[in-house]
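# Geometric and topological summary
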Amino acid sequence: MAESDRSPLKHFVVAKKKISTIFDQLLEYITEGADFVEKTYRNTELKQIATEQQASMIHGYTKKLAVISEVLARNHMKVAFFGRTSNGKSSVVNAMLWDRVLPSGIGHTTNCFLSVEGTDGDKAYLMTEGSDEKKSVKTVNQLGHALHMDKDLDAGCLVRVFWPKTKCALLRDDLVLVDSPGTDVTTKLDSWIDKFCLDADVFVLVANSESTLMNTEKHFFHKVNERLSKPNIFILNNRWDASASEPEYMEDVRKQHTDRCINFLVDELKVVEREQALNRIFFVSAKEVLNSRMQRAQGMPEAGGALAEGFEARLQEFQCFERTFEECISQSAVKTKFEQHTIRAKQITETVKGIMDDINIQAADKRINLLKERDDKMDQSDYVRSQLGLLTEDIKGKIKAVTEEVETKVSSAMTDEICRLSGLVDEFYSDFHPSPQVLELYKNALHKHIEEGMGRSLADRCSNAVNASVQNSQQNMIENLKPLLPSSVQCQLHMLIPCRKFDLSYDLNFSSLCTDFQENIEFRFSLGWTSLVNRFLGPKNAHRALLLMESSAQIPRRLATTPSAPNIHALTQENVSQEEIMFSIGTGLASLTSKSSMTVVIVTGVVWRTIGWRLIAASFSLYGLLYLYEKLTWTTRAKERAFKQQFVDYATKKLQMVVRFTSANCSHQVQQEMATTFARLCQQVDLTQKNLSEEISRLTMKIDQLDAVQHHSKTLRHKATGLETELDSFIKQYLQPQQ
């Protein structure tokens, strides 16, 4: 075990373990990088950060690295033994393995390729080509018998022999030894080379020292040299123990063989330099070494038995061959098995690192642009918010000013129209008759005429000015709020908020306003008692006086013996008290005295006394004629004029009561129109602010994603740098020539 632990073959084992670990880490890293690049490429929010080519490239690397990892797991050092039949190839292999693993003896014992490799089990077995069956092998003779009995095996077939590692230290270090049939048994050398030689690290030409190198042997290695670049070739001149029988020619024969071998390696194959060629040529006796080692394994003296003279020197030379072979195959196998994979790993790592750098740069550039864009959007949002607040206060003031102006204008116009109401009523012509049905139709038509006429007059005086004022104010609103909207909305603003003509609605509702109008078109003599009372007492007091007189005429004289009469409250229909009536009469008489009525009475008395009854008769005659005249002239036309005059007086009072209400209603219409326009504009501004907020949120999300991409790409780049360091360390330790 101590020798095995110090074996140069451990160099390959350690190197294989280290490079396998590196490739496992690299495969894990590339897999992570492939997922990252794929997700980045598939993310629609992160366009132009990673490309499809990058994603497919890294994905391809994962497959390649997986294959390389599998190859590394199967890789082992391989030495192939070639030579003519019965030159002792199998004996050399057995001597190196310290046991009779392969059948050997006189004649053609190896009829196909045999590979010997270690197994962790404690039983030996073999597997033939094209079969997974494990055939048990208990002894070497049984193995030889099994191979000879299998007629399906030809010279180009491979039988893999698995020998327990516990029985052979050499097989513990990933070494495979391949024994071959003689190069003189077949002409299919090219297929041999393609099948068994391309992955060999060392070739051992086993020659017979009792003869010389034959052309068949040279021809085979010439073909190998054509397919491989400077293969590592050792030449073992076996059966050198035969030289002990002729000691006087030993050196001459050795020099002859050495010169021919050097010429073959240096001049013909050109695989080594001349000063290195002596380290590739050895003179041994494999059979002697095998026997001595088996005796030593059995506890017997190593040099015991019938051994030819000079055995110790030949044993030492065989051991020298083994040391040189192990150093050569270990260095060669590390280089041939791992160098190209290591170079490929560095290239992959460098490429992936470059991809991560590109992604990081693209993400950083886009992040800077998005940060700038987000700052612009935030500034724009703040500007819109502040400007909207300022403009709202200003526009509210303008709306208030316009509505007050409209209210004043409508109030003034309506007052003027009320003054011209008499003329408007006089312009009305329709069939008039005092009957209730016709009179009702007449009033309805008159209401409609007045409402239309006043509405038309108000519209002529106010609507154009109000409409111009409203449109001007609306246009000012649009111009003030337009800079707060995006250009796309500004272009469509005329469709979103169309400028339409605004018409005030002067809804006087004249029919309802004059619904309680009661006309009085009965004939009344201008000098009649009712007219005189009405003239002297006024309409209200005259009405009360007349009611009192009618009530008094209807009340019977009360008896002195009936103080509890129940009609004490039936003096008038309107519960007018006696004191109020007396007060009204007194007021009328005072008015008569104060208005020269007393003068008329005095003059009448004087005339009476002066002229006498003739004047009184003339007066009554004149009074009668006047009554007759008025009665005859009280026609339907006169009734219509009286009706219109009464209606004008009544409507004037009613209209004066609703002037303020109507003007306020018009101003409210203007306010609603302007407020609606402003609300629509504010809605567009609010929508703009909402879009800005959504855009800011979207940009923030993209910036966060780009931050994550940058962080991940930097992390992956640092991992790539770490893997490069490990690969450089491996190259320096195992692949570069030691100084």
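From a predicted model like this one, the values you see are computed outputs, not experimental measurements.

### A few points about the overall build of the protein
Assigned secondary structure in the protein consists of 21 helices and 9 strands. Scored against the burial criterion, the 739 residues of the protein give a buried share of 42%. Approximately 40,800 Å² of the protein is accessible, and the part contributed by carbon and sulfur atoms is 53%.

### What to know about the sheet that holds strand β8 (residues 232–238)
Pairing in this open sheet of 9 strands is mixed, and the strands run β4-β3-β5-β2-β6-β1-β7-β8-β9 from one edge to the other. Two strands close off the open sheet at either side, each with one partner strand: β4 (135–136) and β9 (281–283).

### Focus: the pattern of salt bridges
In the structure shown here, the tally under the stated rule is 30 salt bridges. In this structure, the salt-bridge partner of K165 is D120, at a minimum N-O distance of 3.4 Å. Separated by 45 residues along the polypeptide, K165 in the loop between β5 (158–164) and β6 (175–179) and D120 in the loop between β2 (113–119) and β3 (125–128) bring together distant segments of the chain. Accessibility expressed as a relative area gives 68% for D120, which makes it exposed. When salt bridges with common partners are traced through the structure, they connect D416, E417, R420 and R461 into a single cluster.

### Comments concerning the packing of aromatic side chains
In this description, an aromatic ring pair is defined by two values, namely the gap between the centres and the angle between the planes. Considering all chains together, one arrives at 22 aromatic pairs under this definition. Considering the side-chain rings of F203 and F221, the 6.3 Å spacing of their centres and the 85 degrees angle between planes classify their relative orientation as edge-to-face. Taken together, the residues span a long stretch of sequence, with F203 in strand β7 (residues 202–208) and F221 in helix α7 (residues 215–227) at a distance of 18 residues. Residues F203 and F221 agree in their burial class; the two are buried. Ring centres 5.9 Å apart and planes at 75 degrees place the aromatic pair F234 and F321 in the edge-to-face group.

### Describing the packing of helix α11 (residues 311–419) against helix α21 (residues 636–735)
For the pair α11 and α21, interaxial distance at closest approach is 5 Å and the crossing angle is 170 degrees. The orientation of α11 with respect to α21, classified from their angle, is roughly antiparallel. Looking at the contact of α11 with α21 residue by residue, the class counts come to 44 nonpolar, 21 polar and 21 charged.

### Looking at the pairing of β2
With 6 of its 7 residues buried, β2 lies for the most part within the structure. Summarising the sheet, β2 and β5 pair through 7 bridges and their orientation is parallel. Opposite V116, over in β5, you have V161 as the bridge partner. Bridge count for β2 against β6 is 3 bridges, and the pairing is antiparallel.

### Observations concerning the side chain of E724
Along the chain, E724 turns up in helix α21. A residue is classified by how much of its surface remains accessible, and E724, at 10% relative accessible area, is buried.

### Quick look at the pairing of β6
Of all 5 residues in β6, 5 are buried; the element is thus mostly enclosed. Judged by which residues are buried, β6 turns out to be covered on both faces: L175, L177 and D179 on one side and V176 and V178 on the other are all buried. Of the pairings in the sheet, the one linking strand β1 (residues 77–82) to β6 comprises 5 bridges and is parallel in character. Note on β6: the bridge partner recorded for F81 is D179.

### So, the environment of G130
One can find G130 in the loop between β3 and β4. Between the C-alpha atom of G130 and that of C157, which follows or precedes it by 27 residues, the distance is 9.5 Å.

### Considering the environment of L114
With respect to the secondary-structure elements, L114 resides in strand β2. Of the residues examined, L114 reaches a relative accessible area of 1% and is grouped as buried. Distance in space between the C-alpha atoms of L114 and C157 is 8.6 Å, their sequence separation being 43 residues.

### A closer look at the side chain of K16
Structurally, the position occupied by K16 is in helix α2 (residues 9–42). K16 sits in the buried class, given a relative accessible area of 11%. Of the polar contacts made by the side chain of K16, one reaches the side chain of D174; its length is 3.3 Å. K16 has contacts with L72, A73, R74, N75, D174 and F338, leaving out every residue within four places of it along the chain.

### Section: the packing of α7 against helix α8 (residues 250–269)
It is the contact of α7 with α8, at a shortest axis distance of 12 Å, that shows an interaxial angle of 40 degrees. Judged by the angle between their axes, α7 and α8 are oblique. Judged by the sense of rotation from one axis to the other, the crossing of α7 with α8 is right-handed. Taken together, the residues of α8 that come into contact with α7 (itself represented by K218, F221, H222 and N225) are F264, E268 and L269.

### A few points about the confidence of the model for the protein
A low pLDDT score tells you not to read the predicted coordinates there in detail. In the predicted model, the protein carries a mean pLDDT of 80, and the fraction of residues at 70 or more is 81%. Mean pLDDT values for the elements of the protein range from 43 in helix α1 (residues 2–5) up to 92 in β9. Across residues 592–596 the pLDDT falls below 50, and counting only partners more than four positions away or on other chains, this stretch makes 4 contacts in the model.

### Looking at unusual backbone geometry
Of note in this structure, R239 is not a glycine but carries a positive phi near 60 degrees. Within the secondary structure layout, R239 lies in the loop between β8 and α8. One non-glycine residue, K270, adopts positive backbone phi at about 55 degrees. For K270, the location among the structural elements is in the loop between α8 and α9 (274–277).

### Observations regarding a negative patch on the surface
Negative charge collects at one region of the surface, where E373, D375, D376 and D379 lie side by side. Inspection of the secondary structure puts D376 in helix α11.

### A look at a nonpolar patch on the surface
There is a patch of nonpolar side chains on the surface, built from L625, L628 and L632 and spanning about 330 Å² of accessible area. By the secondary structure assignment, L628 is in helix α20 (residues 613–633).

### Examining the state of the cysteines
The full count for this structure, using the stated rule, is 0 disulfides. Sulfur of C666: no disulfide; nearest cysteine sulfur belongs to C462 and is 7.5 Å away. Look at C666 and you get buried, because its relative accessible area is 0%.

What counts and how
- Residues numbered from 1 in each chain as written.
- Predicted model: local features only at pLDDT ≥ 70, side-chain atom pairs only at ≥ 80, totals over all residues.
- Heavy atoms only, no water.
- Helix = DSSP H or I, 4+ residues; strand = E, 2+ residues; numbered from the N terminus.
- Buried < 20%, exposed > 50% of the residue type's maximum accessible area, 1.4 Å probe, protein only.
- Areas by Shrake-Rupley, 256 points an atom, 1.4 Å probe, with all protein chains shown as cover.
- Pairing = 2+ DSSP bridges.
- Salt bridge = Lys/Arg side-chain N within 4 Å of Asp/Glu carboxyl O.
- Phe/Tyr/Trp six-rings, centres within 6.5 Å; stacked < 30°, edge-to-face > 60°.
- Axes fitted to C-alpha atoms, helices over the stretch in contact; angles between N-to-C directions.
- Parallel < 35°, antiparallel > 145°, perpendicular 65-115°, else oblique.
- Nonpolar A, V, L, I, M, F, W, Y, C, P; charged D, E, K, R; others polar.
- Polar contact = N/O pair within 3.5 Å; in protein donor to acceptor, adjacent residues only side chain to side chain.
- Contact = heavy atoms within 4.5 Å.
- Left-handed = near helix turned anticlockwise from the far one by under 90°.
- pLDDT = per-residue confidence, 0-100.
- Patch = residues over 30% accessible without salt bridge, like charges linked within 9 Å, V, L, I, M, F, W, Y side chains within 5 Å.
- Lys, Arg positive; Asp, Glu negative; His and termini not counted.
- Charge placed at Lys NZ, Arg CZ, Asp CG, Glu CD.
- Disulfide = S-S within 2.5 Å.

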